[in-house]
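# A look at the structure
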Amino acid sequence: MDLILTNARLVSMQPKNSGYQPTDPVNIVIRDGKIVAISSAAASNETVSSDSRYIDCSGKLVTPGLIDCHTHLIYAGNRANEFEMRLNGVPYQTIAAQGGGILATVKATRQASEEQLIELALPRLDGLLRSGVTSIEIKSGYGLTLHDELKMLRAAQALQQHRRIKVTTTLLAAHALPPEFAGRADAYIEHICQTIIPTVAEQQLASSVDVFCESVGFNLQQTERVFACAREYGLQVKGHTEQLSNLGGSALTARYQGLSADHIEYLDQAGVAALAQSGTVATLLPGAFYFLRETQKPPVELLRKYGVPMALASDINPGTSPFADLTLMMNMGCTLFGLTPEETLRGVTQHAARALGFAKTRGQIATGFDADLAIWNIDHPADLSYQVGVPRLHARIVDGVLCND
C-alpha cells in the first residue's frame, strides 16, 4: 500500500540554500520504498490506492534519515579500563605493551563468534537509531585474518535482519599490523591483496575497501597497492588519512576516485585541491578528535573555499570514539570544528550519502529518492546540533516502512 505523510514540514536537504529551510506543511506519497510525489494536496497527480495508509505529521519537521558514513560498530571487548589508565597518567605505549590498544580489541573480536558480535553490536546500533539514523557504514578491521574479517563483515550485514536499517560494509583489513605479521607489513599487504580482497569480492561482503594510511598504520606505497587491488576487483576505495600527520594519503585516495577521505586533521591545501578535483568527500570525525583531546583541527575553511563536500560521522569504536549518537557528532562538529548547523545536517544526509556512493538515491527528500526519513519533535533543524540528550525523534521511516523504535 502507499504510505502518505500529511502536514509534514520538510527539510529536504536538496543542494541549494532553500533545502535547509523548513517548508510549509506538505504531503509526501511513498510507494514501493520510494518518494513518488510531494505536494500541498494529498497524492497530487498521483493515483493513490484505496488502502493507502495516512500519517498526520501535525507540522513536525521531516528530514532525510540520518546517515552514519564511518563506523567500526562490530567489535568485542571493552577498553574503559584503558581510558581510566590514560587519565591516571599511564602512557599509551605502556598500555599497548601490556596487551592493550587496538590489538586488545583484535584479540577479543577473534575470540567472539559471529552471533556474539551481532549481539554486542545491537545496543550500539540502537543508540544510533534513536538519533535518527537510517543508513550506516560498518568497517571490518578488528579481525586481521581472512576468517575473522569475513566474520565481521557477515555480522555487519546480518544487523539488517535484526533492525530496520540499511548497512553498507567496508573491508578495513589494512587497519593495523596483526601480531602474526610483526615486522612484515609488506607481506601482510600482499596477503590482503592476494587472499582477503578476492574472497570478500567473491562473497560480496563489502562494496569498498579502506586503509589506515598513517605512520602507525601503512605507508603510501602499501596503501596504493591495496587501492589498486580493490579497484581491480570492482570495489570502491576510502581512506583513513591525515589523522596524525600529512603523508599524502588523501591525495592518493582522490587519485583513485575514492568515495571519501576520513579524519583529515593534517590535510594541506594541495590535498584539499586534490579532493575538490576528484569529487571525493571529506569526512570529519569529531568524536575521535574530542576523545583523544587533539588540537589539530581539519582545514574547514580550505574545504569551504574549494567546495569540497564535508560529511560527518560517529567513528564509533572502542578505543577513540565510543559514542553512539550522531546528533552528538553534529554538536561537536559545530563546537569543535566551527561548522554551521546547516553544514552538520548536510554532513549526515546529503554529503554522507555521497560518501557511501548513494548521492542519487539517499540523503535528500525528493521524488525518486529512497523513502528514508526522520520525523522530529522540533521547530527548526538547528535544534539537532544544539541539544544533546533530549529525545527529539518521533519516528524513522526506512524504505517506506514506519519504525517506532
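Keep in mind it's a predicted model, so treat the numbers as computed, not measured.

Rules and cut-offs
- Residues numbered from 1 in each chain as written.
- Predicted model: local features only at pLDDT ≥ 70, side-chain atom pairs only at ≥ 80, totals over all residues.
- Heavy atoms only, no water.
- Helix = DSSP H or I, 4+ residues; strand = E, 2+ residues; numbered from the N terminus.
- Rg over C-alpha atoms; globule rule 2.2 N^0.38 Å.
- Buried < 20%, exposed > 50% of the residue type's maximum accessible area, 1.4 Å probe, protein only.
- Contact = heavy atoms within 4.5 Å.
- Areas by Shrake-Rupley, 256 points an atom, 1.4 Å probe, with all protein chains shown as cover.
- Lys, Arg positive; Asp, Glu negative; His and termini not counted.
- Charge placed at Lys NZ, Arg CZ, Asp CG, Glu CD.
- UniProt positions renumbered as here; feature names shortened; annotations may be inferred.
- 1 Å grid on protein atoms, 1.4 Å probe; cavity = no way out; pocket = protein on both sides within 12 Å on 5 of 7 lines; lining within 4 Å.
- Polar contact = N/O pair within 3.5 Å; in protein donor to acceptor, adjacent residues only side chain to side chain.
- Pairing = 2+ DSSP bridges.
- Axes fitted to C-alpha atoms, helices over the stretch in contact; angles between N-to-C directions.
- Phe/Tyr/Trp six-rings, centres within 6.5 Å; stacked < 30°, edge-to-face > 60°.
- Lys NZ or Arg CZ within 6 Å of the ring centre and 35° of its normal.
- Points joined across faces, edges and corners; volume = space filled by probe spheres on them.
- Nonpolar A, V, L, I, M, F, W, Y, C, P; charged D, E, K, R; others polar.

## Structural notes on the overall build of the protein chain
A tally of regular secondary structure across the protein chain gives 15 helices and 16 strands. Relative to a compact globule of 405 residues, whose C-alpha radius of gyration would be 22 Å, the protein chain shows 21 Å and is just as compact. When the 405 residues of the protein chain are sorted by exposure, 57% land in the buried category. Across the protein chain, the fraction of contacts at a sequence separation of at least 24, relative to all contacts at a separation of at least 6, is 71%. Summed over all atoms, the accessible surface of the protein chain reaches about 15900 Å², with 49% contributed by carbon and sulfur. Side chains of the protein chain carry 33 positive and 40 negative charges; the gap between the two charge centres is 1 Å.

## A short note on the UniProt feature "binding site: N-formimidoyl-L-glutamate" (unreviewed entry) in the protein chain
Within the UniProt annotation, "binding site: N-formimidoyl-L-glutamate" (unreviewed entry) is assigned to Tyr142, Asn317 and Gly319. Their sequence span is 178 residues, while the largest C-alpha to C-alpha distance among them is just 11.5 Å; these annotated residues converge on one region. Restricting the annotated residues to those that line the largest pocket leaves Tyr142, Asn317 and Gly319. Within the secondary structure layout, Asn317 lies in the loop between strand 13 (310-312) and helix 12 (326-337). You can see Gly319 is positioned in the loop between strand 13 and helix 12. Dropping the residues within four chain positions of it, Gly319 is found in contact with Arg79, Arg86 and Phe291.

## A few points about the side chain of Asn317
Of the residues examined, Asn317 reaches a relative accessible area of 5% and is grouped as buried. A distance of 2.8 Å separates a polar side-chain atom of Asn317 from the backbone nitrogen of Gly319. Looking at Asn317, its side chain comes within polar contact range of the main-chain nitrogen of Thr320, at 2.7 Å.

## Some thoughts on the sheet that holds strand 8 (residues 166-174)
Each strand in a sheet pairs with another by means of backbone hydrogen bonds, the pair being arranged parallel or else antiparallel. Reading across from one edge, 6-7-8-9-10-11-12-13 is the order of the 8 strands in this open sheet, with parallel pairing throughout. Only two strands of the sheet have a single partner each, and these edge strands are strand 6 (66-68) and strand 13. For this sheet, the mean angle separating the axes of adjacent strands, direction not counted, is 25°. Judged from the 6 bridges that link them, strand 9 (residues 208-213) and strand 10 (residues 236-241) form a sheet pairing that is parallel. Within strand 10, the residue paired with Cys213 across the bridge is Thr241. Helix-sheet contacts for helix 5 (residues 146-158) involve strand 7 (133-139) and strand 8, and the interaxial angle to strand 8 is about 165°. Across the sheet, helix 7 (residues 220-232) touches strand 9 and strand 10, and the angle it forms with strand 9 is around 180°.

## Details of the packing of aromatic side chains
As enumerated under the stated definition, the model contains 8 aromatic pairs in all. On the numbers, 5.0 Å between centres and 20° between planes, the contact of Phe83 with Phe291 is stacked. In this pair, Phe83 sits in helix 1 (residues 80-87) while Phe291 sits in helix 10 (residues 286-291), placing the two residues 208 residues apart along the sequence. Look at Phe83 and you get partly exposed, because its relative accessible area is 35%. Given the relative accessible area of 16%, Phe291 is considered buried. Grouped by ring-pair contacts, the aromatic residues Phe83, Tyr290, Phe291 and Phe323 constitute a single cluster. Between the NZ or CZ atom of Arg124 and the centre of the ring of Tyr75, over which it lies, the distance is 3.7 Å. Between Arg362 and the ring centre of Phe358, over which it is positioned, the NZ or CZ distance is 3.7 Å.

## Considerations on the layout of surface pockets
A volume near 1000 Å³ is recorded for the largest pocket. Lining the largest pocket are 32 residues; nearest its centre among them are Arg79, Tyr92, Ile102, Leu292 and Thr320. Of all the secondary structure elements, the ones that give two or more residues to the lining of the largest pocket are helix 1, helix 2 (92-97), helix 3 (102-111) and helix 10. When its residues are assigned to classes, the lining of the largest pocket shows 16 nonpolar, 11 polar and 5 charged. The computed volume of the second largest pocket comes to approximately 300 Å³. Lining the second largest pocket are 18 residues, and of these Arg130, Ser131, Pro391, Arg392 and Leu393 sit closest to its centre. Broken down by secondary-structure element, the contributors of at least two residues to the lining of the second largest pocket are helix 4 (114-130) and strand 15 (393-398). The dominant element in the lining of the second largest pocket, judged by the number of residues it contributes, is strand 15, at 4 residues.

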